[in-house]
Amino acid sequence: MSQSIPLQTPKGENVLEPRRFQVFTTRNMDQIPGIQRMSEDARFAMKVVANVLPFRVNEYVLNELINWEQAPDDPIYQLTIPQQGMLAPEHFNRMADVLRRDADRAEIQRVAWEIRNELNPHPAGQMDLNVPEFEGEKVEGMQHKYRETVLFFPSQGQVCHSYCTFCFRWAQFVGDKELRFASNEADRLIDYLRSHTEVSDLLFTGGDPMVMKTKNLAQYMEPLLEADLDHVQTVRIGTKALTFWPQRFVSDKDADDLLRLLERLVESGKHVALMAHYNHPQELSTDVAREAIRRIRDTGAQIRSQGPLLNHINKDADAWARMWREQVRLGIIPYYMFVERDTGARRYFEVPLAQAWEVYRGAMQQVSGLGRTARGPSMSADPGKVEIQGVTEIHGEKVFVLRFIQGRNPDWVQRPFFAKYDPEATWLNHLKPAFGEEKFFWEDDYQRIVAEKTGG
Ligand SMILES: *Cc1c(COP(=O)(O)O)cnc(C)c1O
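Quick notes on the rules
- Residues numbered from 1 in each chain as written.
- Predicted model: local features only at pLDDT ≥ 70, side-chain atom pairs only at ≥ 80, totals over all residues.
- Heavy atoms only, no water.
- Buried < 20%, exposed > 50% of the residue type's maximum accessible area, 1.4 Å probe, protein only.
- Helix = DSSP H or I, 4+ residues; strand = E, 2+ residues; numbered from the N terminus.
- Arc of directions from axis to C-beta.
- Pairing = 2+ DSSP bridges.
- Axes fitted to C-alpha atoms, helices over the stretch in contact; angles between N-to-C directions.
- Contact = heavy atoms within 4.5 Å.
- Expected span 1.5 Å × (residues − 1).
- Near = heavy atom within 4 Å.
- Polar contact = N/O pair within 3.5 Å; in protein donor to acceptor, adjacent residues only side chain to side chain.
- Areas by Shrake-Rupley, 256 points an atom, 1.4 Å probe, with all protein chains shown as cover.
- Nonpolar A, V, L, I, M, F, W, Y, C, P; charged D, E, K, R; others polar.
- Disulfide = S-S within 2.5 Å.
- Salt bridge = Lys/Arg side-chain N within 4 Å of Asp/Glu carboxyl O.

Draft legend 1. Examining helix α15 (residues 443-453) more closely. For α15, the complete set of buried residues consists of D445, Y446 and I449. For α15, the buried positions fall inside an angular range of 100 degrees around the axis, keeping them on one side. Of the residues trailing α15, G455 is marked for its positive phi of about 65 degrees.

As structure tokens, this is what we get:
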């Protein structure tokens, strides 16, 4: 098949040859050739931002995904390289002052944390509302928000091959242990699942679980093959490795072992789904990225794609349409378009809900039914995943039509509801009920759930 054609990198190397993983962070960002060519002011601005928000990018992304001729407008450049606008001017200036004064590390850290704490580091009740209890104790490294699906954060998977500038889990990458949901207790996970037969889906997430060695992943996955976990039908793995390090599935030393592990899960009767994070068609452009997709599909695992709509990266219906068409061609199933969350660098990336819907609609109109499996734009908010279904007028009032795709109470799912149209709203908490109503239908119920969980 496609393997009879030698796959080559732009430098003429065979993509099947092992490649060294080389990464740049805040400490050595000056050594990135593309950045060395920039003005001193631009480099200083990057450094300021990279001392507040996480920064990490690898050599494959720099050399093969970013089109430096288009920088700073290139989407992959925006996706990985810090920009001044990612911080509010007062935050930017506060950090710039400290760096200009050559303050010591302790002071830089103190100021960094002051700023970070003003950037809503734990959105959507992740700390207080989603962590489940088992035998009277909170289970570290897990979230269980929606009945069917448990999220698990394996401790060795809490970094990524590169960091996205807009990441909503950014806070755990700047070093606060409390913000890490990590768990290395496979046993606790398995006990929890065994006693929760309502759970059909287990989602490994991070960070990126695909940074883990195959033997570490196997430690979590092999127990799932036991008969008493038959109710866990689906194993999902959230990952951006297909973009940031497709070599994980192609040329890394344990790439073949990883593929065999996925194959064994499939053969045991599980549905295995890679929830691949994609933001732009450019991510699908390299031979190694395509080879990785082909190999994963060969194991019987499915690949579904999801990612947020982002100003400066993909606020463009044509880009989404091209991405979804290309994904369908490669055998990937488009799944979600998200709204950028209310945390971190959101000021730089956010898109008003009304515009988000226009982009979604504009993209949908350009793809066949096989690309229209992507739902959205969807906000992962405290009460649930809320989709903007559209903007319309009812009896002279302009409204947003909304629905829950997922809810803390499953009974809310698929019930349409209405909010007053607001061209500037970027998140659920900016919306007011339409038609003069005081509350949305789910609000009292939501308050009750919160009170129960927080013991108040
Ligand atoms: C999105 C999400 C899920 C999965 O929801 P699906 O609609 O089944 O993909 C599970 N848990 C949390 C916390 C989520 O945000």
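Draft legend 2. Highlighting the sheet that holds strand β7 (residues 201-204). If you trace the 11 strands from one edge of the open sheet to the other, you get β5-β6-β7-β8-β9-β10-β11-β12-β13-β14-β15, paired in mixed fashion. Because the sheet does not close on itself, it has two edges, and the strands there are β5 (142-146) and β15 (416-420). The sheet shows a mean angle of 30 degrees between the axes of neighbouring strands, taken without regard to direction. Inspection of the sheet shows strand β6 (residues 149-152) paired to β7 by 4 bridges, in the parallel sense. Along β7, the bridge assignment pairs L151 with L203. Against the sheet, helix α14 (residues 353-364) touches β10 (302-309), β11 (333-339), β12 (375-380), β13 (384-394) and β14 (397-407), its axis set at about 150 degrees to β12.

Draft legend 3. Representation of α14 within the structure. In this model, α14 (12 residues) spans 16 Å end to end at C-alpha, consistent with the 16 Å of a helix rising 1.5 Å per residue. In terms of burial, α14 is a largely internal element, 9 of the 12 residues being buried. Where α14 is concerned, the buried positions are L353, A354, A356, W357, V359, Y360, G362, A363 and M364. In the core, the buried residues of α14 are packed alongside β10, α12 (317-330), β11, β12, β13 and β14.

Draft legend 4. Region of interest: the site of the ligand. Close to the ligand lie K145, Y146, T149, L151, R236, Y335, Y336, K385 and Q406. Between an oxygen atom of the ligand and a side-chain N or O atom of R236, the distance comes to 2.8 Å. Summarising the interface, the protein chains cover 87% of the accessible area of the ligand, which totals 390 Å² for the free molecule. Of all the secondary-structure elements, those providing two or more residues to the shell around the ligand are β5, β6 and β11. Of the residues contributing to the shell around the ligand, the split by class is 4 nonpolar, 2 polar and 3 charged.

Draft legend 5. Examining the state of the cysteines more closely. Under the criterion given, the structure shown has 0 disulfides. Considering cysteine sulfurs only, C167 is the nearest to C160, which forms no disulfide, with 6.4 Å between them. The thiol sulfur of C167 is not disulfide-bonded, and the nearest other cysteine sulfur, from C164, lies at 6.4 Å. Taking the relative accessible area as the measure of exposure, C167 reaches 17% and is therefore buried.

Draft legend 6. Inspection of the pattern of salt bridges at higher detail. Within the structure shown, the criterion is met by 31 salt bridges. Here R19 and E64 are joined by a salt bridge, their closest N and O atoms 2.7 Å apart. Residue R19 is found in the segment before β1 (23-25), and its partner E64 is found in helix α3 (residues 59-65); the two are separated by 45 residues along the sequence. For R19, a relative accessible area of 18% translates into the label buried. Between E263 and R260 there is a salt bridge, and its shortest N-O distance comes to 3.0 Å.

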